[in-house]
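Inside the fold
Residues per chain are reported as follows:
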Amino acid sequence: MALLNGCATVRSPDPRDPWESWNRGVQSFNDDVDSYVMKPVAQGYNWVMPDFADRAVTNFFSNLDDIGVFTNDLLQAKFMQSGMDTARFLVNTTAGVGGLVDVASMVDLPKHNEDFDQTLGVWGVPTGPYIVLPLFGPSSPRGVVGLVGDAAMNPITYAGFYLNPEWIGAAVSMGSGALKVIDARSDLLGMEKVATEAAVDRYQFFRDAYLSNRNYLVKDGNVPEDDVLKFEDLKDEGFGPLNTNPY
């Protein structure tokens, strides 16, 4: 660590990352929270959850996210894709028993990745400087606004308004949010070796992976080959451009 910190002080500052000193401190905090809280909880979750139940939970939250996906499709004027994603949501909500089973993928309605951060990027809003948020991880000023927009498109956000008494709505909202985070973290347990083995500087690895991935998504993959952070050993596993966020 001392060697890495020494290297960090002599290299030229990255213009995309003017708050590097702050960001490194926050990432260190996030790594500690992950090591002592999130990772053990995720490992316990994997231990008690049968594979079919784990997949059902992942599918359920993925189906809810499709509400935001087809909304952002419309905001980006991707009307054909919005129709497909709307159909995907309806199929999985009905035939997929509330989204527990991904029936849509079986009938050639694939999952798309669209969020409000991408929508802002399509509208011409610049990313802004890289920033690491406590608990949330890699982001940017545009990404922060995107998180707010994504929350506004998530029906669970409004559980407190349509469930009475209010404490039940709050419990449902917070409980489902915690379950989603734990489920997502458990799904990333197998990718830890990528960051550990491929990164000389863990902080730089996550920064470059985040910025490369967001640029790739905003431009729908229409970027020069050297602008995409890739790893040859992941291609055969279907990961493509790396999307790395462990928090």
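Residues numbered from 1 in each chain as written. Predicted model: local features only at pLDDT ≥ 70, side-chain atom pairs only at ≥ 80, totals over all residues. Heavy atoms only, no water.

What follows is about the overall build of the protein. Broken down by element type, the protein carries 12 helices and 2 strands. Ordered by position from N to C terminus, the α and β elements of the protein give α-α-α-α-α-α-β-β-α-α-α-α-α-α. For the protein, the proportion of its 247 residues judged to be buried stands at 40%. For the protein, the share of sequence-separated contacts (at least 6 apart) that also reach a separation of at least 24 residues comes to 66%. Carbon and sulfur atoms provide 66% of the accessible area of the protein, an area that totals close to 13800 Å². (Helix = DSSP H or I, 4+ residues; strand = E, 2+ residues; numbered from the N terminus. Buried < 20%, exposed > 50% of the residue type's maximum accessible area, 1.4 Å probe, protein only. Contact = heavy atoms within 4.5 Å. Areas by Shrake-Rupley, 256 points an atom, 1.4 Å probe, with all protein chains shown as cover.)

What follows is about unusual backbone geometry. Its identity as a non-glycine residue notwithstanding, L135 has a phi of 75 degrees, on the positive side. For L135, the position within the fold is in the loop between β1 (131–133) and β2 (137–139). Judged by its relative accessible area of 52%, L135 is exposed. Of note, D220 is a non-glycine position whose phi angle comes to about 50 degrees, a positive value. You can call D220 partly exposed: its relative accessible area is 44%.

Before going further, it helps to spend a moment on the packing of aromatic side chains. Under the counting rule described, the total for this entry stands at 6 aromatic pairs. Taken together, the ring pairs in this structure connect Y130, Y203 and Y210 into an aromatic cluster. (Phe/Tyr/Trp six-rings, centres within 6.5 Å; stacked < 30°, edge-to-face > 60°.)

Helix length check: helix α2 (residues 20–48), at 29 residues, gives a terminal C-alpha distance of 39 Å against a target of 42 Å (1.5 Å per residue), a fit within 8%. The principal kink in α2, of about 45 degrees, is found at D34. For α2, the complete set of buried residues consists of E20, N23, V26, Q27, N30, D31, D34, A42 and Y45. Where α2 is buried, its residues meet α3 (51–75), β1, β2, α9 (166–187) and α11 (202–218). (Expected span 1.5 Å × (residues − 1). Bend = angle between axes of the 7 residues up to and from the residue.)

This next bit is on the packing of α2 against α11. With their axes 11 Å apart at the nearest point, α2 and α11 run at an angle of 100 degrees to one another. When the interaxial angle is binned, α2 and α11 end up roughly perpendicular. Along its contact with α2, which presents E20, N23, R24, Q27 and D31, the element α11 presents R202, Y203, F206 and R207. (Axes fitted to C-alpha atoms, helices over the stretch in contact; angles between N-to-C directions. Parallel < 35°, antiparallel > 145°, perpendicular 65-115°, else oblique.)

What follows covers the pattern of salt bridges. Under the counting rule described, the total for this entry stands at 18 salt bridges. Salt-bridge contacts for D208 lead to R16; the nearest nitrogen and oxygen are separated by 3.0 Å. Taken as a pair, D208 in helix α11 and R16 in the loop between α1 (2–10) and α2 lie far apart in primary sequence, 192 residues in all. Under the relative-accessibility criterion, R16 is labelled partly exposed at 39%. Among the ionic pairs, D117 bridges to R214, the shortest N-O distance being 3.0 Å. With D117 in helix α6 (residues 116–122) and R214 in helix α11, this residue pair connects regions lying 97 residues apart in the sequence. For the pair formed by D117 and R214, the shared burial category is buried. One network of salt bridges, in which partners are shared, links D14, R16, D17, R207 and D208. (Salt bridge = Lys/Arg side-chain N within 4 Å of Asp/Glu carboxyl O.)

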